[in-house]
Amino acid sequence: MQAFEYIPATTVNEAIAILHQQGDQARLISGGTDLIVQLREGRRKPKIVVDIKRIPEVNQLSYNLIDGLTIGAAVPCYKLYGSAVIKETYPGLIDAASLIGGVQIQGRATLGGNLCNASPAADSIPALIAHNAIAVVAGMNGERHIPVQDFCTSPGRTQLEPDEMLVSIQVPAPRAHSYGAYLRFTPRNEMDIAVVGVGVWVALDDTRVVITAARIALGAVGPTPLFVNEAGASLVGQPIGSQAIEKAALIAQLAAKPITDMRGSAEQRRHLVAVLTRRALDSAIARASA
Amino acid sequence: MSNKTVVQATINGEEVEFLCETRQSLLEVLRDVLRLTGTKEGCNNGNCGACNVILEGVLVNSCLVLGVEVQGKSITTIEGIASPQGLHPLQQKFLEHAALQCGICTPGVLVSAKALLDRHPHPSEHEVRHWLAGNLCRCTGYDKIVHAILDAADVMSAEVTK
Amino acid sequence: MDSETLEQVASADISVENRHYKVIGSRPIRHDGPDKVTGRALFGADIRMNGLLYGKVLRSPHAHARIISIDVSRALALTGVKAVVTNADLPTLESVVSRVGEGSINWRYLSSNLLAGEKVLYHGHAIAAVSAVNPHVAEQAASLIDVEYEILSPVITVDQAMRPDASILLDELRTNELGARGSTPTNIASHDQFQRGDLDQGFSAASVIVEREFTTSTVHQGYIEPHNATAIWGTDGQITVWTSTQGGHDARRQIAEVLQLPVSRIKVIPMEIGGGFGGKIGIYLEPVAALLSLKSGNRPVQMTMSRFDVLAATGPTSGSVIRVKMGAAQDGQITAAQVSLAYAAGAYPGSPVGSAMSVILNPYRIANVQVDGYDVVTNTPRAAAYRAPGGTNAAFAAESVVDELANKLGIDPIDMRLINGIKEGDRRVDGPISRRVGYIETLERARSSPHYLSALSSPSSATCKVGRGVGSGWWGNWPGGTSSVSVVVNNDGTVNLIEGSTDIGGSRVAMAMMLAETLGIQASDIKPMVVDTDSVGYNDVTAGSRTTYSTGIAVHKAGLKIIHEMCERAAQLWNVDPGTIDYADGVLTSGTNHIGFKELARKIGDGDGNVVASVSISPNGEGVALATHIVDVEVDMETGKVQILRYTAIQDVGTAIHPAYVEGQLQGGVAQGIGWALNEEYVYDAQGHLLNGSLLDYRIPTALDLPMIETVLVEVPNTTHPFGVRGVGEVPIVPPAGAVANAIANATGLRMTILPMSPRHMLEAMWAQAK
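The rules behind each value
Residues numbered from 1 in each chain as written. Chains lettered and ligands numbered in written order. Predicted model: local features only at pLDDT ≥ 70, side-chain atom pairs only at ≥ 80, totals over all residues. Heavy atoms only, no water. Core = buried A, V, L, I, M, F, W, Y, C linked by side-chain atoms within 4.5 Å. Buried < 20%, exposed > 50% of the residue type's maximum accessible area, 1.4 Å probe, protein only. Helix = DSSP H or I, 4+ residues; strand = E, 2+ residues; numbered from the N terminus. Contact = heavy atoms within 4.5 Å. pLDDT = per-residue confidence, 0-100. Pairing = 2+ DSSP bridges. Axes fitted to C-alpha atoms, helices over the stretch in contact; angles between N-to-C directions. Domains from an automatic or database assignment. Buried area = accessible area lost by both parts, 1.4 Å probe. Polar contact = N/O pair within 3.5 Å; in protein donor to acceptor, adjacent residues only side chain to side chain. Nonpolar A, V, L, I, M, F, W, Y, C, P; charged D, E, K, R; others polar. Salt bridge = Lys/Arg side-chain N within 4 Å of Asp/Glu carboxyl O. Phe/Tyr/Trp six-rings, centres within 6.5 Å; stacked < 30°, edge-to-face > 60°.

Student: I tried to follow the nonpolar core on my own but got confused; where do I start?
Tutor: If you look at soluble globular proteins, the nonpolar side chains tend to sit buried side by side. Grouped together as the largest cluster of nonpolar side chains are 198 residues, with contacts concentrated most on B:F94, B:I149, C:L259, C:L341, C:L361 and C:M757. In terms of residue count, helix α12 (residues 391-409) of chain C provides more of this core than any other element does, 10 residues in total. Look past the residues within four positions of C:L259 in its chain and what remains in contact with it is C:L90, C:P91, C:W233, C:I239, C:P287, C:A290 and C:L291. Within the second largest apolar cluster, 85 residues are counted, among which are A:I7, A:I169, B:V58 and B:L64.

Below is the structure:
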């Protein structure tokens, strides 16, 4: 591994100032489960590694009925499922957070890191998109908000400028009778990378019979996680049932742009998008109607 | 070559101070600097669990932690599982159940199992298997490992009841 | 826990009552256990010493290329770098083939596998190595070595390699065609054959014939400990090597051959070994570390492979193409079988196709057979032994066809095997007459097992189907090999047992138990230890399921010698004729005199010379192993994913010395077999780059992928061993892929002919069937 300087930053401004000064030469570390591997394999060669874990803002984890959920960029996955209220309110996010690596990876890995690493197969990103999450980003000129569905631009690349950092992820407060679900397909039952991942979120009316809103996002079937607006839209106003679900699954399948690689073939992935979209919708609807 | 940083940490209850390069992982620090070679390298990539340690009460892969990150932190390694009074019930049950063959994954598996029982004293078989999914063992087929952990949980809860 | 409670929790079901053994059949705690659960046990990479340097290897980014030039000047100029070695530092060797472990190797090829000569033959082939003050500097230096290549087109699969126009790996290679040397350059190293009877007659007597072609991927042993070596080339010319090896003496011989030094110049200290499964017999790093030490001012050099190095450059066992044609009469008798096996040897000849030719049909009595085997070089790492080398893929093919025949004939799969199963006195397909072996017993126990008698569970969802499969396996354990042990009686009555068979899965405790049984003392009073190559006689590698058998015989003989000597000492003490002394259960008796083993040892003390014994033997009667497995699977018809629901392994284990570790061998073999069956495979791109060289993407089973693995130990004692030991470690990996394939066929009607039966391959097979 190439040598580097390690700076534990204590404020957002300090971290941003280093980024501003160093540009591509600096890299932020939080859980390190992606970055340390990349450093070791020489895939990234920063001169400076800035540890953000001592910055208060990136460690916040809070929930209320008005603002919803705030997940600091350095909050490790295990803290999400360690919170009973988050587990109850956002099971669709927990689905993803409890799938990233194994238990020992979740002790360090963060949703923020998962997002900034911008892997097309990242587990948390389709779930965050489905939940309409917003990335809160800090830069030299203050904060800006980027919808997670627009955050990733290509494999490993995001909308972040070289001198910007992710501070937190905001997930809206849930409306009545709404729930999400995330499902992925992997050959092993754990410790694997998604061949396909599907995040969904649905809201039902007060009778819990008609879908009033829905969002569907796909992982590992394109250069970035894909938000398939039209698939969710097709469900709006539809009574829950296999007909509407099948249609949404078909739309999602058509939107997928999979490739063949060592983890799966394009044909297999296209097929799995429909299967997993159906199953994830079933799961979210079951949660919402319970 | 880069400069070294002084780091203070508590390892297995003992305060230690060491010098490390920023690029040295906690695994390298434990094995090469502190000569605590009980923690093993299996993949150096976070995929096998042989290097697992408990960092501030949380199970982590020590190959995915930088040595400089543990300033002021508390770490438990395989060398810190037994007490002066003797083996931890998990260690004893691993011996009784023949839950190890070659023994290379054993330190990581035991550290993971301890972290599990610290958090969930009465795990089901499924919970044990789920928790251990990040600890690859190529010798045993996991059968005797799972039995040993379930048995240790029983023994420990019986001790607590006493 | 007392031993009675331990017996209750154990999952073993032992059919034959133990023959009045006191120690054998019990489950004492292994002697090396406490060190292994506390982190004190020293594995190869755990050695720390003053002045230690670290070595790293530069590896080929190409699968097939000619090396034009190597420039090491930039590497040597880096601060902290001590030395660089390349193939030019190795002696030039003659082309001589020799046995190493269970296989054979041409010394010249071994040498060029350590550090490539004129050509690199696979992605990851070692080219040069660097020593430096720390591993990071060594790694950086390795990347500064400039190599100029002429890139050649690679051949990755046996099919590609066997084409007439295929790119040739080894210019000098000619096919050994049934003993005759071919005349043209080729990638086919050998073609062997055995045949008996009349195939045409056999097939015409069949009422059903099944013919299929199977393709299997390259897989790796997957030991969790990476290869490592630490070496000092002393100023006196003596070389000391600490390493993780399945055999210290065999490692010493290989090091001596490639360095062209007498074995007396080399001492190998076998450290605790973190898994081998056949992959730690051949050497990779040891002579390189020694040469780096020599060129680094005689300082110690430690080398540890990365996981990518392990997957890309060591181990794997052969991918293969296997064709099976088999016919059976209405009553289920197999009337004829014709088989051809082509195995990928990797960069140099030496795939396990030879043993596969035996494994494939040996569970059965078949009068009319022909088996052809081809050893084929490919641009992939040199194949190494892997637990019953060549057996799993061979049995996958044959057991699938036997199952299909049984289905077509409406015969239960266990009955089909009972009709054709080999018994004592039958001629094996590969030639010899079968000795007493408990295959039929495994089938009968399978048929009456709670698993086979139980109903299949219901599918967990509407998209899933469940099924049950059966598979058998044969393995021809290594007939013996050489084992040497020394035994010393201490003056407190404990006994040191000095052996050279490296202990990978608990063999020390088994050796101690056999010595304790012989001497009539407790296993805890024996101190078993594996020592360096200077401190004990020659030992063949821990492989071929030979250790408990052969080293066990040596231990027993040494025990008898100790008894003899103890009787002599008691005779002196009592002033009686040694012939009058009776030795039983650790007590010596002559008339009214009697004394326990420990008390006599104390009396002898150290003043009159110790009681010691050394034995070196080379037995030749190990005998074969057979197993039958039952598996229930659930197949998700929408995703193609196969889940193992229940698994039972039934095996003739001879006598189980320490039943818990015997069960462990069965469970471990099954787990590896399931991995091979379902998800493990090397994925290469068209240029021959290994794409999945990590334990994330080379998917060995996790704890969550497997159920408990039930075991049934059938004990048919092996008559050539004093305690009836039969090798148990390898055959458990032979049946799983076939058994799982048969369960999938039972669940879905789909006959898989490809390994792994991964979700992707399953879906593709389903789609092909639907067309």
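So that's the structure; there's more coming.
Student: Sorry if this is basic, but what is going on with the confidence of the model for chain C here?
Tutor: It should be kept in mind that the predicted coordinates are not to be read in detail where pLDDT is low. Residues and elements named next belong to chain C. With 98% of its residues at a pLDDT of 70 or more, chain C shows a mean pLDDT of 95. Note that residues 1-18 has pLDDT below 50 and, in this model, 35 contacts with residues that lie over four places away or in other chains. Among the prediction metrics, the complex's ipTM stands at 0.98, with pTM recorded as 0.97.

Student: What am I meant to see in the sheet that holds strand β13 (residues 211-219) of chain A here?
Tutor: Hydrogen bonding along the main chain pairs the strands of a sheet, whether they run parallel or antiparallel. All names here are of chain A. Pairing is antiparallel across the open sheet formed by four strands, whose spatial order is β11-β12-β13-β14. Here the strands that pair on one side only, and so sit at the sheet edges, are β11 (178-185) and β14 (226-227). Pairing geometry for β11 and strand β12 (residues 196-204), over eight bridges, is antiparallel. Note on β12: the bridge partner recorded for Y179 is V202. Seen against the sheet, helix α12 (residues 266-289) touches β11, β12 and β13 and runs at an angle of roughly 30° to β12.

Student: Sorry if this is basic, but what is going on with the domain arrangement of chain B here?
Tutor: Accessible area lost during the coming together of the parts is what is often quoted as the interface size. Residues and elements named next belong to chain B. Domains assigned within chain B are domain 1 (4-80) and domain 2 (89-161). Put simply, the middle of domain 1 and the middle of domain 2, counted by C-alpha atoms, are 22 Å apart. Both sides of the domain 1 and domain 2 interface together cover about 1,100 Å² of buried area, and 64% of this is carbon and sulfur. By the criterion of area lost to domain 2, the three top residues of domain 1 are I54, L59 and I78, representing 41% of everything that side buries. Counting across the interface, domain 1 meets domain 2 through four residue pairs in polar contact (both at pLDDT 80 or more). Those elements that place two or more of their residues in the side of domain 1 that touches domain 2 are β3 (52-55) and β4 (58-61). For the side of domain 1 that touches domain 2, the leading source of residues is β3, giving three residues. When grouped by side-chain class, the residues that make up the side of domain 1 that touches domain 2 number seven nonpolar, six polar and one charged.

Student: Can you walk me through the pairing of strand β16 (residues 301-304) of chain C in this structure?
Tutor: The two faces of a sheet get side chains in turn, since along a regular strand they alternate between them. Residue and element names in this part refer to chain C. Pairing between strand β1 (residues 53-59) and β16: three bridges, direction parallel. Following the sheet pairing, G55 is matched in β16 by M303. In the sheet, strand β13 (residues 228-233) pairs with β16 via four bridges, with the strands oriented antiparallel. Considered in β16, the bridge of A231 is made with V301.

Student: Mind showing me how you'd approach the interface of chain B and chain C here?
Tutor: The partner chain C presents 65 residues to the 54 residues of chain B that form the contact. Interface of chain B and chain C: buried area, both sides summed, is about 4,800 Å²; carbon and sulfur atoms make up 59% of it. When the area that chain B buries against chain C is broken down by residue, the three leading residues are B:L95, B:Q101 and B:R138, summing to 17%. A salt bridge links C:D46 to B:R31; the nearest nitrogen and oxygen atoms lie 2.8 Å apart. The interface formed by chain B and chain C includes 24 residue pairs in polar contact (both at pLDDT 80 or more). Taken together, the elements giving at least two residues each to the side of chain B that touches chain C come down to α1 (26-33), α2 (89-96), α3 (106-119), α4 (125-131) and α5 (143-161) of chain B. With six residues, the single largest contributor to the side of chain B that touches chain C is α2(B). Residue composition of the side of chain B that touches chain C, grouped by class: 20 nonpolar, 17 polar and 17 charged.

Student: I tried to follow the interface of chain B and chain A on my own but got confused; where do I start?
Tutor: Taken together, the contact pairs 28 residues of chain B with 27 residues of chain A. Across the chain B to chain A interface the summed buried area is about 2,300 Å²; carbon plus sulfur atoms make up 60%. Three residues stand out in chain B for area buried against chain A, namely B:R23, B:L64 and B:E69, and they jointly supply 27% of the buried area on that side. Seen at the junction of chain B and chain A, the total is two salt bridges. We note a salt bridge from A:R108 to B:E69, for which the minimum N-O separation is 2.9 Å. Remark: the boundary between chain B and chain A carries nine residue pairs in polar contact (both at pLDDT 80 or more). Per-element accounting of the side of chain B that touches chain A gives the leading share, four residues, to β4(B). A breakdown of the residues in the side of chain B that touches chain A according to their chemical character gives 11 nonpolar, 14 polar and three charged.

Student: Help me out: how do you make sense of the sheet that holds strand β26 (residues 593-596) of chain C in this one?
Tutor: All names here are of chain C. Strand order in the open sheet formed by three strands is β24-β25-β26, with antiparallel pairing between adjacent strands. The sheet terminates laterally at β24 (582-584) and β26, the two strands that pair on one side only. Neighbouring strand axes in the sheet, compared pairwise and without regard to direction, differ in orientation by 20° on average. Summarising the sheet, strand β25 (residues 587-590) and β26 pair through four bridges and their orientation is antiparallel. Looking at β26, one finds that L588 is bridged to I595. Here helix α18 (residues 597-604) sits on the sheet and contacts β24, β25 and β26; the angle it forms with β26, its principal contact strand, is near 90°.

Student: Can you help me understand the packing of aromatic side chains in this one?
Tutor: Residues and elements named next belong to chain C. One pass over the structure, following the stated rule, counts seven aromatic pairs over all chains. For the pair Y21 and F723, a centre-to-centre distance of 5.7 Å together with 80° between the ring planes defines the contact as edge-to-face. With Y21 in the loop between α1 (3-9) and α2 (33-38) and F723 in the loop between β30 (709-714) and α20 (736-748), this residue pair connects regions lying 702 residues apart in the sequence. Given a relative accessible area of 6%, F723 falls into the buried group. Both rings, one in Y682 and one in Y684, keep their centres 6.1 Å apart while their planes meet at 50°; by these two values the pair is tilted. Residue classification places Y682 among the buried residues on the basis of a relative accessible area of 7%. What makes Y684 buried here is its relative accessible area of 18%.

Student: What should I look at first to understand the domain arrangement of chain C in this one?
Tutor: Residue and element names in this part refer to chain C. Each domain of chain C was delimited in the assignment, giving domain 1 (3-30 + 480-617), domain 2 (44-152 + 227-304) and domain 3 (390-422 + 435-478 + 621-770). Taken over C-alpha atoms, the centre of domain 1 sits 37 Å from the centre of domain 3. Facing 36 residues of domain 1, the contacting portion of domain 3 comprises 29 residues. Contact between domain 1 and domain 3 buries roughly 2,700 Å² in total, counting both sides, with carbon and sulfur atoms accounting for 58%. For the pair domain 1 and domain 3, the number of links is one salt bridge. Of the charged contacts, one joins R27 and E663 as a salt bridge, the two residues approaching to 2.6 Å between their closest N and O atoms. Counting across the interface, domain 1 meets domain 3 through 10 residue pairs in polar contact (both at pLDDT 80 or more). If you list the elements that add at least two residues to the side of domain 1 that touches domain 3, you get α16 (507-519) and α17 (547-574). Ranked by residues supplied to the side of domain 1 that touches domain 3, first place goes to α16 with six residues.

Student: Whenever I open this one, the pairing of strand β4 (residues 61-64) of chain A confuses me. Can you help?
Tutor: Residues and elements named next belong to chain A. Relative to strand β5 (residues 68-72), β4 runs antiparallel, the two being bridged by four bridges. Within β5, the position partnered with Y63 by the bridge is L69. Here β4 folds back onto β5 in antiparallel fashion, the turn holding three residues.

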